[in-house]
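The primary structure of each chain is shown beneath.
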Amino acid sequence: MIDLRFSEAELARRREHIQSFIRDAVNAAGADGAVLGLSGGIDSTTVANLAVAELGAKRVHGLVLPARVSSEENMSDAERVAVDLDIPYDVIEVEPIVDALLSAYPEAEGDHVAVGNARARTRAVLNYLVANHEDRLVLGTGNRSEAAVGYFTKYGDGAVDCHPIGNLYKQQVRQVASSLGVPDDLVEKTPTAGLWADQTDESELGIDYDTLDSILVSHIDGPLSARATSRLLEVDEETVDRVRSMYEASEHKRNAPPAPEPLE
Ligand SMILES: NC(=O)c1ccc[n+]([C@@H]2O[C@H](COP(=O)([O-])OP(=O)(O)OC[C@H]3O[C@@H](n4cnc5c(N)ncnc54)[C@H](O)[C@@H]3O)[C@@H](O)[C@H]2O)c1
Ligand SMILES: Nc1ncnc2c1ncn2[C@@H]1O[C@H](COP(=O)(O)O)[C@@H](O)[C@H]1O
Ligand SMILES: O=P(O)(O)OP(=O)(O)O
């Protein structure tokens, strides 16, 4: 697989670039700071660290939003991140809100994707409730690997004001996190969307992140054909084609919703 980690000099440059992106986004909006959801995962932990490094702890508000299916370990890690960074944070249970949605529309009961996505969208509503009230921006935590294959909930965790780590592949997120002093157990943790019990990104996607990143950088974001990518990485061409299919099928998630062309 391809090692996408940055050199020390490039790592410092990337960190500075992301931090100034956060500062510029907040300043351009005339906002007082930022809000983000803390899941105990490496993406939100990394964005929280970068935001605190740039804005200072008081201007970053963390939200820990447990659902019935959230693991104790993840929720206590999420609180640990907030405590270690010394940022203000709230813990708000999302399940009563999801239950209210399901009592309004019981037909969706048991549909783990629809209900899981409702959990992610409930979190988005709470992020914006706080952001509106405190005049802050909502920071996204999505990385390039997830965005490219549409591995996020449209208007759920995808509903944010900016994507600070949106250009980093998952391997690079881990490297940036380590360089910020994030503890190894968080850096090496198994990525999970946490939308239903025992969910992991790699099992749902059917591919590990190192392989996904390598296919993305070679073929989707890079110049190589599917065949050349398959040869270079020694993976089946069907796997490369499957990544391309996920990329194409999720185009709608990365763009603003279309309207018909104006008529003359
Ligand atoms: N980063 C993470 O770890 C993370 C977080 C949340 C969700 N997820 C994953 O993301 C996935 C979300 O589920 P999903 O993608 O089925 O639901 P989604 O709601 O994100 O997207 C599906 C919806 O998009 C719309 N849509 C579908 N095709 C379209 C098209 N061609 N043009 C315009 N709109 C279209 C429809 O409204 C459809 O209901 C799940 O696999 C979930 O596990 C991952
Ligand atoms: N339990 C959670 N509390 C707060 N924020 C959360 C929680 N779970 C997810 N989030 C936010 O959504 C993104 C994407 O989530 P994945 O765990 O990758 O699905 C995460 O980074 C948090 O910002
Ligand atoms: O988005 P996060 O923070 O939950 O990270 P991961 O996707 O690695 O679980």
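An unreviewed UniProt entry lists the chain under the name NH(3)-dependent NAD(+) synthetase, with Halostagnicola kamekurae as the source organism. Database annotation for the chain, UniProt heading Function (unreviewed entry): "Catalyzes the ATP-dependent amidation of deamido-NAD to form NAD. Uses ammonia as a nitrogen source." Among the UniProt annotations of the chain, the heading Pathway (unreviewed entry) holds the following wording: "Cofactor biosynthesis; NAD(+) biosynthesis; NAD(+) from deamido-NAD(+) (ammonia route): step 1/1."

**What to know about the site of ligand 2**
Taken together, 13 residues lie near ligand 2, and Gly37, Leu65, Thr141, Thr192 and Ala193 sit nearest. The side chain of Thr141 places a nitrogen or oxygen atom 2.6 Å from an oxygen atom of ligand 2. Within the backbone of Ala193, one N or O atom sits 3.1 Å away from an oxygen atom of ligand 2. Out of a free accessible area of 470 Å², ligand 2 has 87% covered by protein chains. In terms of residue class, the shell around ligand 2 is built from six nonpolar, five polar and two charged.

**With respect to the site of ligand 3**
Close to ligand 3 lie Ser39, Gly41, Ile42, Asp43, Ser44, Glu146, Lys170, Pro191, Thr192 and Asp201, which account for all nearby residues. Measuring from an oxygen atom of ligand 3, one finds a backbone N or O atom of Gly41 at 3.3 Å. Backbone polar atom of Ser44 to an oxygen atom of ligand 3: 2.7 Å apart, as the coordinates give it. Taken by itself ligand 3 offers 280 Å² of open surface, and the protein chains cover 88% of this. In terms of residue class, the shell around ligand 3 is built from two nonpolar, four polar and four charged.

What counts, and at which threshold
- Position labels on residues start from 1 in each chain and follow its written sequence.
- To read the labels, note that chains go from A and ligands from 1, taken in the order they are written.
- Reporting of local features is limited, given that this is a predicted model, to residues whose pLDDT is at least 70; pairs of side-chain atoms are given and counted only at 80 or more, and all residues count toward the totals for whole chains, interfaces and linings.
- The basis for every side-chain value is the complete set of non-hydrogen atoms in the structure, without hydrogens or water.
- UniProt positions are given in the numbering used here, feature names are shortened, and annotations may be inferred rather than shown by experiment.
- The rule for a residue being near a molecule or strand is that one of its heavy atoms must lie within 4 Å of it.
- Under this definition, polar contacts are N or O atom pairs within 3.5 Å; protein pairs additionally need one hydrogen-donor-capable and one acceptor-capable atom, and for neighbouring residues in sequence, both atoms have to be side-chain atoms.
- We get accessible surface area from the Shrake-Rupley algorithm with a probe of 1.4 Å; when it comes to residues, only the shown protein chains can shield them.
- Nonpolar residues are Ala, Val, Leu, Ile, Met, Phe, Trp, Tyr, Cys and Pro. Charged residues are Asp, Glu, Lys and Arg, and all others, Gly as well, are polar.

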